[in-house]
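Coordinate inspection notes
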Amino acid sequence: MKKTLSHIDESGNASMVDVSKKQVTVRTAIASGKVHFPSAIFAQLSADDFLGKKGSIIQTAVIAGIQAVKKTSELIPLCHQINLSKIQIDITPVDNALQIVCIVKCNEQTGVEMEALTGVSVSALTIYDMCKALSHDIKISEVQLEQKTGGKNDFNR
């Protein structure tokens with residue numbers, strides 16, 4: 001069976017997917033990403049418990065990510081507005097980087113992978129914003145979907 005782009009109609013125009021005939025199921029998605037720092041900057045941040053002049057870098061990034069998840073349909077034009085039942089963002093220091101994991105859950109007719117990816121992305125951008133005064137040599141990488149369940153096709157990286 002040939003796969004097709006779901007957000008393009010028969011005429012080649014952008015189109016929101018009609019999910020009205022889909023069954024409501026519990027949908028989950030997990031996304032992850034990393035923010036890499038030069039080793040001296042990471043050592044400085046670690047020594048300061050990731051607290052900066054603007055406050056807690058990690059907690060601010062968690063809150064920003066949660067807000068972004070809730071606004072995904074406003075940011076990504078063809079995403080559906082959905083009622084979310086859970087958002088969890090964990091940020092952990094690992095090897096000169098901060099590892100971000102975002103878990104999103106809902107009971108809906110469409111999945112939440114875009115919401116999870118948006119949560120990771122905005123958390124990472126917030127970390128960059130809060131740390132750029134120390135260095136612009138900060139790299140955001142590996143933003144990816146790790147898992148999704150509850151739809152027609154489950155995915156597990």
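Cut-off values and rules
- Residues numbered from 1 in each chain as written.
- Predicted model: local features only at pLDDT ≥ 70, side-chain atom pairs only at ≥ 80, totals over all residues.
- Heavy atoms only, no water.
- Pairing = 2+ DSSP bridges.
- Helix = DSSP H or I, 4+ residues; strand = E, 2+ residues; numbered from the N terminus.
- Contact = heavy atoms within 4.5 Å.
- Axes fitted to C-alpha atoms, helices over the stretch in contact; angles between N-to-C directions.
- Patch = residues over 30% accessible without salt bridge, like charges linked within 9 Å, V, L, I, M, F, W, Y side chains within 5 Å.
- Areas by Shrake-Rupley, 256 points an atom, 1.4 Å probe, with all protein chains shown as cover.
- Salt bridge = Lys/Arg side-chain N within 4 Å of Asp/Glu carboxyl O.
- Buried < 20%, exposed > 50% of the residue type's maximum accessible area, 1.4 Å probe, protein only.
- pLDDT = per-residue confidence, 0-100.
- Core = buried A, V, L, I, M, F, W, Y, C linked by side-chain atoms within 4.5 Å.
- Phe/Tyr/Trp six-rings, centres within 6.5 Å; stacked < 30°, edge-to-face > 60°.
- Expected span 1.5 Å × (residues − 1).

A word on the pairing of strand β6 (residues 139-149)
Both faces of the sheet carry side chains from a regular strand, because those side chains alternate between them. Direction of pairing for strand β1 (residues 25-36) relative to β6: antiparallel, over a ladder of eight bridges. If you follow Val35 over to β6, its bridge partner there is Ile140. As defined by bridge partners, β6 adjoins strand β7 (residues 155-156) across two bridges and the pair is classed as antiparallel. Across the sheet, Lys148 pairs through a bridge with Phe155, a residue of β7. Counting the residues between successive antiparallel strands, the hairpin from β6 to β7 contains five residues, one of them, Gly150, with a positive phi of roughly 100 degrees.

Points about the sheet that holds strand β4 (residues 84-94)
Spatially, the five strands line up as an open sheet ordered β4-β5-β1-β6-β7, and their pairing is antiparallel. Looking at the sheet topology across the chains shown, the edges are occupied by β4 and β7. Of the strands in this sheet, β4 and β5 (97-108) touch helix α2 (residues 57-70), which is tilted by about 150 degrees from β4.

Some remarks on a nonpolar patch on the surface
Taken together, the side chains of Leu125, Ile140 and Val143 make up a nonpolar region of the molecular surface, amounting to roughly 230 Å² of accessible area. Examined against the element boundaries, Ile140 turns out to sit in strand β6. Note on Ile140: relative accessible area 33%, which makes it partly exposed.

Some points on the confidence of the model for the chain
The share of residues in the chain with pLDDT of 70 or more is 99%, and the mean pLDDT across the chain is 92. When the elements of the chain are averaged for pLDDT, strand β2 (residues 51-52) gives the smallest value, 84, and α2 the largest, 98.

Quick notes on the nonpolar core
Of all hydrophobic cores here, the largest spans 31 residues; its most connected members are Phe37, Ile91, Leu98, Ile100 and Ile127. Among the secondary structure elements, those contributing two or more residues to this core are β1, α1 (39-47), α2, β4, β5 and α4 (113-131). Sequence-distant contacts of Leu98, defined by excluding residues within four places in its chain, comprise Gly33, Lys34, Val35, Phe37, Phe42, Phe50, Ile58, Ile91, Thr92, Pro93 and Ile127.

Things to note about the pattern of salt bridges
All chains considered together, the criterion is met by two salt bridges. Residue Glu74 is joined to Lys71 by a salt bridge in which the shortest nitrogen-to-oxygen separation is 3.8 Å. The partly exposed category is assigned to Lys71, whose relative accessible area is 42%.

Structural notes on the packing of aromatic side chains
For the coordinates displayed, the defined rule picks out two aromatic pairs. A centroid spacing of 6.1 Å and a plane angle of 40 degrees characterise the contact between Phe37 and Phe42, whose relative ring orientation is tilted. Grouping residues by exposure puts Phe37 and Phe42 together as buried. Ring-pair connections join several aromatic residues into one group, and the members of that group are Phe37, Phe42 and Phe50.

Quick look at α2
Between its first and last C-alpha atoms α2 spans 20 Å; for 14 residues at 1.5 Å apiece the expected length is 20 Å, and the two agree. Turning to α2, its buried residues are Ile57, Ile58, Ala61, Val62, Ala64, Gly65, Ala68 and Val69.

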